[in-house]
Amino acid sequence: MMTTQSQIPQAQAVREKFAAAGQEQVFAYWDELTSAEQAGLLEQAQALDVDYINKIAKQALDSLSVSQETAHRIEPLPEGSVGSTLTASAEQQQAWFQQGLELIAQGQVAVILMAGGQGTRLGSSQPKGCYDINLLSHSSLFRLQAERIVRLQNLAAQTFPQHAATAVIPWAIMTSGPTRANTEAHFEAHRYFGLDSRNVIFFNQGTLPCLSFDGKILLESKGKVSEAPDGNGGIYAALHRHHVISDLRRRGVRYVHSYCVDNCLVRVADPVFIAYCVAKGAECGAKVVPKSSWDEAVGVICHKNGRFAVVEYSEISSEMAQLTRADNGRLAYNAGNIANHFYTLDFLDRVPTITDGLEHHVAKKKIKHVDPTTGQQVAPAKPNGIKLEQFVFDVFPYTDNLAVFEVERREEFSPLKNAPGTGSDDPETSRRDLAEQHLRFAQAVGATVVKGPEDPAPQGEISFELSPIVTYAGEGLEFLQGRTLTTPQLITKPL
Ligand code: UTP
């Protein structure tokens, strides 16, 4: 690809447009570029709506200076409006599980995974889903999730044999430019972890240019604009752009579970959550975990100007964060958001029309760029610019009926955010939390687990793992009753 004579007027027009928008620095090195590089930059610039970028950047940067607490009416969720596995009876939870499983058996449930993030804090060169948290099985996060789907499909077909032919959970995986190729290659290399590849759908989210703190488009190299995925809220537009919704509809899907790739405890296509939301007649649902303390840095679901919303921990005062409920003394703002959602397919279909474009947020990041003063490429040690991101929860204000469902953190949420050895939300905490859960599952059916001399786990931890093929959430483990198991122990089939 090279700039041709006929492209010269085009290049001139694009450069003028960028100059008029105050973004002429994109072409600062134009004369130094080879004609192939010029053609590449021209193509990239033509695909950018520079006035739109300026508009959303200004909105996002302006909103940084607005205090949410004083600018908006923020209120806790109404008492009694949150469903909870912490208080629901075992019978109720079992009933939800069966109801959800029946919907799965009928082929009405799909899963959408958000796996487009670049995982900068973790610092792995591979997509986060490929990460090995050093389990005995060395399963990647993708494998854990895939095998939970396999298990649920099998359970659904066994429990509802009349629907065995439709007991399939289509899995739509949102990737981005930086994660797509490696993600697909990982699935191919592992033969889709036992899933039928026809039921795994990859689609890419959009990208946006990275900006300096004052809204100027950054160059990654002299002939290339620096771009990044447009945030997990890019999911709504991407689902439409790539016709995923119509594909799922053709397959008979009515309900969707959506989640983040980095949670090793995620209950993919959770029958309990799905049944709860369906019973509530909700078009959208959000799983939440109780905050670990009032000052935990997590967004909470609450009401903002009378609508459902997520308010970040930095957006409310410490007095507000410490408010407690009169009836039970729990924090009033306690519904910690974990980006784990339920949708009806009809709702997802309507999102672009009802939202008229979700707002963009500012994420301050370290962005490799060409320093405009020296012309050198730099990899900064601290944040030097912003990425504009849409957030998946920004649709909440657009629904009247959001089902909020509280679950126990230790059973369902252990995110992988940070590099090994950080001490929180890192590969070690992921592995520990999964092993502790599996230990609880085994003990609950009357097994004894003993740490053996060969177990490499650090003090206070054990190497104990139950394959998702054996159990999804602790069910089906009766074969362990009364047994004594010495670690390291990986159970991949009934003993
Ligand atoms: P995070 O906001 O934690 O981002 O994503 P990240 O990319 O995993 O990590 P950092 O911030 O760069 O260190 C939460 C979830 O949203 C997805 C991620 O893949 C993860 O599942 N996500 C994030 C997207 O799908 N697209 C995006 O543009 C951003």
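Here the structure is a predicted model, which means the values were calculated and not measured.

Caption draft 1: Spotlight on the packing of aromatic side chains. Across all of its chains, the model carries 17 aromatic pairs by this definition. One aromatic cluster is present, formed by Trp 96, Tyr 255, Phe 273, Tyr 276, Phe 342 and Phe 405 through successive ring pairs.

Caption draft 2: Summary view of the pairing of strand β5 (residues 200-204). By the criterion of burial, β5 is predominantly enclosed, with four of the five residues buried. Alignment of strand β4 (residues 171-175) against β5, held across five bridges, turns out to be parallel. Counterpart to Ile 173 in the pairing with β5 is Phe 202. A crossover links β4 with its parallel partner β5, the connecting element being helix α7 (residues 180-189), and its sense is right-handed.

Caption draft 3: Seen up close, the packing of helix α5 (residues 90-105) against helix α6 (residues 141-159). Relative to each other, α5 and α6 sit at 95 degrees, their axes nearing to 9 Å. As summarised for this structure, α5 and α6 are arranged roughly perpendicular, according to the angle between their axes. Where α5 abuts α6, its residues Phe 97, Gln 98, Leu 101, Ile 104 and Ala 105 lie against Leu 152, Leu 155, Ala 156 and Thr 159. Across the contact of α5 with α6, the residue classes tally to seven nonpolar, two polar and no charged.

Caption draft 4: Molecular detail of the site of the ligand. With respect to spatial proximity, 18 residues lie near the ligand, and among them Met 114, Thr 120, Lys 128, Gln 205 and Lys 417 are the closest. A distance of 2.7 Å is found between an oxygen atom of the ligand and a backbone nitrogen or oxygen belonging to Met 114. In this structure, an oxygen atom belonging to the ligand sits 3.3 Å away from a side-chain N or O atom of Lys 365. Alone, the ligand offers 570 Å² of accessible surface; in the complex the protein occludes 89% of this. Class assignment of the residues belonging to the shell around the ligand gives a composition of six nonpolar, eight polar and four charged.

Caption draft 5: Fine view of the packing of α5 against helix α10 (residues 271-279). Between α5 and α10, the least distance of the axes is 7 Å, while the angle of their chain directions is 90 degrees. In terms of orientation, α5 lies roughly perpendicular with respect to α10. Packed against α5, whose contacting residues are Gln 93, Trp 96, Phe 97, Gln 99, Gly 100, Leu 101, Leu 103 and Ile 104, the element α10 presents Pro 271, Val 272, Ile 274, Ala 275, Tyr 276 and Val 278 at the interface. Among the residues making up the contact of α5 with α10, the classes are represented as eleven nonpolar, three polar and no charged.

Caption draft 6: Region of the structure containing unusual backbone geometry. Note that the residue after Thr 487, namely Pro 488, is joined by a cis bond; omega there is 5 degrees. If you trace the backbone, Pro 488 turns up in the loop between β23 (484-487) and β24 (489-491). Positioned with a positive phi, Tyr 192 is a non-glycine residue whose angle comes to about 60 degrees. Residue Ala 269 is not a glycine yet carries a positive backbone phi of 60 degrees. Along the polypeptide, Ala 269 turns up in the loop between β11 (255-260) and α10. Take Ala 269: its relative accessible area is 0%, and that puts it in the buried class.

Caption draft 7: Inspection of the nonpolar core at higher detail. Judged by nonpolar contacts, the single largest core of 51 residues is most densely connected at Leu 113, Phe 142, Leu 152, Trp 171, Ile 173, Phe 187 and Leu 195. Of the residues forming this core, the biggest block, seven residues, is contributed by α6. Excluding residues that lie within four positions of it along the chain, Trp 171 makes contacts with Val 111, Leu 113, Phe 142, Gln 145, Ala 146, Ile 149, Phe 187, Leu 195, Asn 199, Val 200, Ile 201 and Tyr 259.

Caption draft 8: The arrangement of the sheet that holds strand β19 (residues 385-389) in detail. Taken in spatial order, the three strands of this open sheet run β7-β19-β16, and their pairing is antiparallel. Two strands bound the open sheet, and with one partner strand each, they are β7 (211-212) and β16 (361-365). Bridge analysis of β7 against β19 gives two bridges, and the strand direction is antiparallel. Within β19, the position partnered with Ser 212 by the bridge is Gly 385.

Caption draft 9: Seen up close, the environment of Cys 264. Mapped onto the secondary structure, Cys 264 falls in the loop between β11 and α10. Judged by its relative accessible area of 1%, Cys 264 is buried. Here the alpha-carbon distance between Cys 264 and Tyr 52, two residues 212 residues apart in the chain, equals 37 Å. Apart from residues lying up to four places away in sequence, Cys 264 is in contact with Ile 133, Leu 141, Leu 144, Arg 148, Ser 414, Ser 430 and Leu 434.

Caption draft 10: Fine view of the pattern of salt bridges. Taken as a whole and judged by the stated rule, the model has 25 salt bridges. When the shortest N-O distance is used, the salt bridge between Glu 475 and Arg 151 registers 2.9 Å. Taken as a pair, Glu 475 in the loop between β22 (464-466) and β23 and Arg 151 in helix α6 lie far apart in primary sequence, 324 residues in all. Grouping residues by exposure puts Glu 475 and Arg 151 together as buried. With a shortest N-O distance of 2.7 Å, Glu 406 and Arg 330 are connected by a salt bridge. With a gap of 76 residues between them, Glu 406 in strand β20 (residues 402-406) and Arg 330 in the loop between α11 (318-322) and β15 (335-344) connect regions that are remote in the sequence.

Here is what the cut-offs are and how they apply
- Residues numbered from 1 in each chain as written.
- Predicted model: local features only at pLDDT ≥ 70, side-chain atom pairs only at ≥ 80, totals over all residues.
- Heavy atoms only, no water.
- Phe/Tyr/Trp six-rings, centres within 6.5 Å; stacked < 30°, edge-to-face > 60°.
- Buried < 20%, exposed > 50% of the residue type's maximum accessible area, 1.4 Å probe, protein only.
- Helix = DSSP H or I, 4+ residues; strand = E, 2+ residues; numbered from the N terminus.
- Pairing = 2+ DSSP bridges.
- Right-handed = clockwise from strand over helix to strand, strands pointing away.
- Axes fitted to C-alpha atoms, helices over the stretch in contact; angles between N-to-C directions.
- Parallel < 35°, antiparallel > 145°, perpendicular 65-115°, else oblique.
- Contact = heavy atoms within 4.5 Å.
- Nonpolar A, V, L, I, M, F, W, Y, C, P; charged D, E, K, R; others polar.
- Near = heavy atom within 4 Å.
- Polar contact = N/O pair within 3.5 Å; in protein donor to acceptor, adjacent residues only side chain to side chain.
- Areas by Shrake-Rupley, 256 points an atom, 1.4 Å probe, with all protein chains shown as cover.
- Core = buried A, V, L, I, M, F, W, Y, C linked by side-chain atoms within 4.5 Å.
- Salt bridge = Lys/Arg side-chain N within 4 Å of Asp/Glu carboxyl O.

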